[in-house]
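# Observations on chain architecture
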Amino acid sequence: MARVCIGFAACALFAGAAGSACADVTLSSNATQNMVCTGGVCAPTADSATLNVNDLETLLASGNVEVTTTGSGVQANNIVHGANLSWSGPATLTLDAHQSITIDTAIAVAGTGGLNLRTNDGGSGGALLFGPAGNITFQTLSSPLAINGNSYTLVNSIAALAQTGGNGFIALAQSYDASGDGVYAASPVQNLSGTFEGLGNTISNLTITDSGPDYVGLFSGIATTGNVRDFALSNVTITSIDQANLGVGALAGESAGQIFGVWSSGAVTSARSPVGGLAGSTNGGTITNSYSTAAISAGVDGGGGLVGEAVRTTIDNCYAAGEVSNTTATWIGGLLGSSERARIEYSFASGTVRGLGGSEGGSEAGGLIGITLDNPRVISSYATGDVVGGTFSDVGGLIGYVVYGGKFGKSYSTGSVSGNRGSLVGGFVGGIGESRYPVTFQQDYWDTDTSGASEGTGNEGNVTGLTGLTSAQFQAKLPKGLSKKYWAENPDINSGFPYLLANPPPE
């Protein structure tokens, strides 16, 4: 699986970095150390322990095995799987962690055996996590899979996924190439109300050309009870040609649920409705540790690299890198087209934004968000893509247009900003509307060199809390307010500009 936005500690992600400070049980190619295996249970004798995967495979050849973080008088926290593991017999492997289980390489259940995963057994704050190269595959769909006490139905195709009705607990048993499915005329899977766990696998080459008044994506919608995790949609081609469509995204036309550890690539196009690299629109819910590199072509209702229209949604530790463009008068942004009472934190966008707009009205175009409404929050986020506006547009390095207040803090933009006749162009914000709600900036910045803008906003000039810095000033040290707890600078990363430690830009 390709890189996802990952907000957990590096020592819990990379097995090679696991050490005494991590208090982990690591499944590794290294020799078994500080572990004792007896009666089918392998437990640590110190809070940092290693179990050799060859030793584990030998044990699985004889029967069921449980690997736990709790030993006699010893409590490790996490299980980190750091070397390829495979077994072909009927045995079930149980991984029982006090907090998190991180899958950083492949686990292959090659026979009829099963897998039982338990997180937060006695602890809290942990999760099932997949690193960039981590995945779990099953050869047999009848193999048992349980995660935190829930039994999962295994599927190996989009058709099998659709047959579940989107209900219950579902897992993708292996990666699937959808090119043989042809072109779907509508979303192949309707509303997801259950949990879909991708297990670090990939659905590739999904093609949808929809001509009806629908929500369009792999899932038409994700309900408030829906939960999608840990998989990739690679090289999608999603096209909506109906002016009445309601939302278009690679993953879902609309989402009110939870999205975690999902990424997409390819192209998503809409004639009218909100369009995004993952979701066309969101209403509530969260998107965490996810990203898109898909190219977005927006219709009348706007678009964003990750989400077209986000309402009351929290977006955390995510990014978008695809180009976002339109040819109509609407709002577009590198991450979000529009944000209404949404909260964006520890996220970024790097794609070019082209809001060509129309002869009247123009576009609201921003490096991160096109337009914000009803007191949104943008915290510790940034945009580096160039932003181009057409006639009578609002163009900003981070936000195109701010309506009805908002709070922006510890964020920055570096992209060049430009607009045609009648446009409002600002290094950070294009335009700020008149509103009874205040708009506040706190330790926000834009690059006066790369942006080509001497003022932070297009219609109110340089406002309190918003500061212009030269590239040299940006690269010399972290600007005030960008804490070293969350931010860093490195000349070889992000062109020397600040980047988020938990969400670094792709190499």
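Described below are features of the structure shown in this document. Residue numbers restart at each chain and count upward from 1, following the sequence in its written direction. For this predicted model, a pLDDT threshold of at least 70 governs which residues receive local features, and a threshold of 80 or more governs which side-chain atom pairs are given and counted, while totals over whole chains, interfaces and linings are taken from all residues. The side-chain quantities take in all heavy atoms of the structure and omit both hydrogens and water.

### Some points on the sheet that holds strand S4 (residues 49–52)
Two strands are said to pair when DSSP picks up at least two bridges between them. A helix here means a DSSP run of H or I that spans at least four residues, while a strand means a run of E at least two residues long, and both kinds are numbered starting from the N terminus. On the basis of which strands lie adjacent, the open sheet formed by five strands has the order S4-S1-S8-S11-S14 and parallel pairing. The open sheet has two edge strands, S4 and strand S14 (128–130), and neither has a second partner. Taken over all neighbouring pairs, the strand axes of this sheet differ in orientation by 15° on average, direction set aside. For strand S8 (residues 78–81) and strand S11 (residues 101–103), the ladder comprises three bridges, and the chain directions are parallel. Paired with valine 80 across the strands is threonine 102, a residue of S11. Those strands touched by helix H2 (residues 53–60) are strand S1 (24–28) and S4, and its axis lies near 60° from that of S4. Axis angles are defined between N-to-C directions and span 0 to 180 degrees, where every axis is a line fitted to C-alpha atoms and, for a helix, only to the segment in contact. Any two residues whose heavy atoms approach within 4.5 Å at even a single point are treated as in contact.

### Concerning the pairing of S8
The classification of residues rests on relative accessible area computed with a 1.4 Å probe and restricted to protein chains. Under 20% of the type maximum is buried, over 50% is exposed, and intermediate values are partly exposed. Alternating positions in S8 separate into two faces, Asn78 and Val80 on one and Ile79 and His81 on the other, with burial throughout. The sheet contact formed by S1 and S8 spans four bridges and is parallel. Note that in S8 the partner of leucine 27 across the bridge is histidine 81.

### Points about unusual backbone geometry
With phi around 50°, asparagine 289 is a residue other than glycine that occupies positive phi space. Within the secondary structure, asparagine 289 is located in the loop between strand S31 (286–288) and strand S32 (291–292). The backbone of tyrosine 404 shows a phi angle near 60°, a positive value even though the residue is not glycine. Position of tyrosine 404 among the secondary structure elements: in the loop between strand S50 (399–402) and strand S51 (406–409).

### Regarding the state of the cysteines
Disulfide: a covalent bond formed between the sulfur atoms of two cysteine residues. By definition, disulfides here are pairs of cysteine sulfur atoms that lie within 2.5 Å. Applying the stated criterion across every chain yields a total of one disulfide. In this model cysteine 37 forms its disulfide with cysteine 42; the gap between the sulfur atoms is 2.1 Å. Residues cysteine 37 and cysteine 42 are joined by a disulfide whose S-S torsion is about 115°; by sign, that bridge is right-handed. Overall, the relative accessible area of 1% leaves cysteine 42 in the buried class.

### Description of H2
Along H2, the positions that sit buried rather than exposed are Val53, Leu56 and Leu60. Looking straight down H2, one finds its buried side chains confined to an arc of 55°; they lie on one side. Looking at the buried positions of H2, the neighbouring elements they touch are S1, S4, strand S5 (65–68), strand S9 (85–87) and strand S10 (92–96). It is the directions from the helix axis to the C-beta atoms that the arc portrays.

### Brief notes about the sheet that holds strand S34 (residues 303–304)
Taken together, eight strands build an open sheet; the order of strands is S23-S26-S29-S34-S39-S44-S49-S54 and the sheet is parallel. Edge strands, defined here as strands with exactly one partner in the open sheet, are strand S23 (215–216) and strand S54 (424–426). Strand direction decides the pairing type here: strand S26 (residues 247–249) and strand S29 (residues 275–276), joined by two bridges, are parallel. When the sheet's bridge partners are listed, glycine 249 is paired in S29 with glycine 276.

### Things to note about the pattern of salt bridges
Salt-bridge detection follows one rule: a side-chain nitrogen of Lys or Arg within 4 Å of a carboxyl oxygen of Asp or Glu. Scanning the model with the defined rule gives nine salt bridges in all. Among the ionic pairs, arginine 118 bridges to glutamate 66, the shortest N-O distance being 3.7 Å. Of the two residues, arginine 118 is situated in strand S13 (residues 114–118) and glutamate 66 in strand S5; the sequence distance between them amounts to 52 residues. Since its relative accessible area comes to 26%, arginine 118 is described here as partly exposed. Judged by its relative accessible area of 23%, glutamate 66 is partly exposed. A salt bridge links arginine 272 to aspartate 301; its shortest N-O distance comes to 3.9 Å. Placement of arginine 272 in the loop between strand S28 (258–270) and S29 and of aspartate 301 in the loop between strand S33 (295–298) and S34 is noted, with a sequence separation of 29 residues between them. Accessibility expressed as a relative area gives 33% for arginine 272, which makes it partly exposed.

### Section: the nonpolar core
For this analysis, a nonpolar core means a set of buried residues of the types Ala, Val, Leu, Ile, Met, Phe, Trp, Tyr and Cys, connected via side-chain atoms within 4.5 Å. The biggest cluster of nonpolar side chains holds 72 residues, and the ones touching the most others in it are Phe196, Phe219, Leu251 and Ile315. The element best represented in this core is strand S25 (residues 227–240), accounting for five residues. Leave out the neighbours within four places in its chain, and phenylalanine 196 touches Val155, Leu161, Ile170, Ala171, Leu172, Phe219, Asn227, Val228, Arg229 and Phe231. With 37 residues, the next largest nonpolar core counts Leu27, Leu51, Phe138 and Leu154 among its residues.

### Quick look at the side chain of threonine 457
Within the fold, threonine 457 resides in the loop between helix H4 (448–451) and strand S58 (466–469). Think of a polar contact as two N or O atoms within 3.5 Å of one another; within protein, one of them needs to be a possible hydrogen donor and the other a possible acceptor, and neighboring residues in sequence only count if both atoms come from side chains. There is a polar contact of 2.8 Å between the side chain of threonine 457 and the backbone oxygen of glycine 461. Apart from the residues within four sequence positions on either side, threonine 457 is in contact with Val425, Gly426, Val429, Gly430, Ile432, Val463 and Leu466.

### So, the packing of aromatic side chains
When we look at a pair of aromatic rings, we describe it by the centre distance and by the angle of the planes. Note on ring pairs: Phe, Tyr and Trp rings are taken, using the six-membered ring of Trp, and paired if centres are within 6.5 Å. Classes follow the plane angle, with under 30 degrees stacked, over 60 edge-to-face and the rest tilted. Per the stated rule, a full pass over the model turns up 15 aromatic pairs. When the centroid spacing of 5.3 Å and the interplanar angle of 45° are considered together, the rings of tyrosine 412 and phenylalanine 474 count as tilted. Of this pair, tyrosine 412 sits in strand S52 (residues 412–413) while phenylalanine 474 is found in helix H5 (residues 471–476), placing the two residues 62 residues apart along the sequence. On the basis of relative accessible area, phenylalanine 474 is assigned to the buried category, the value being 0%. Taken together, a centroid distance of 6.0 Å and an interplanar angle of 80° make the contact between phenylalanine 428 and phenylalanine 441 edge-to-face. On the criterion of sequence distance, the pair formed by phenylalanine 428 in the loop between S54 and strand S55 (429–432) and phenylalanine 441 in strand S56 (residues 439–442) is long-range, its members being 13 residues apart. Given a relative accessible area of 0%, phenylalanine 428 falls into the buried group. Residue class for phenylalanine 441 comes out buried when judged on its relative accessible area of 9%.

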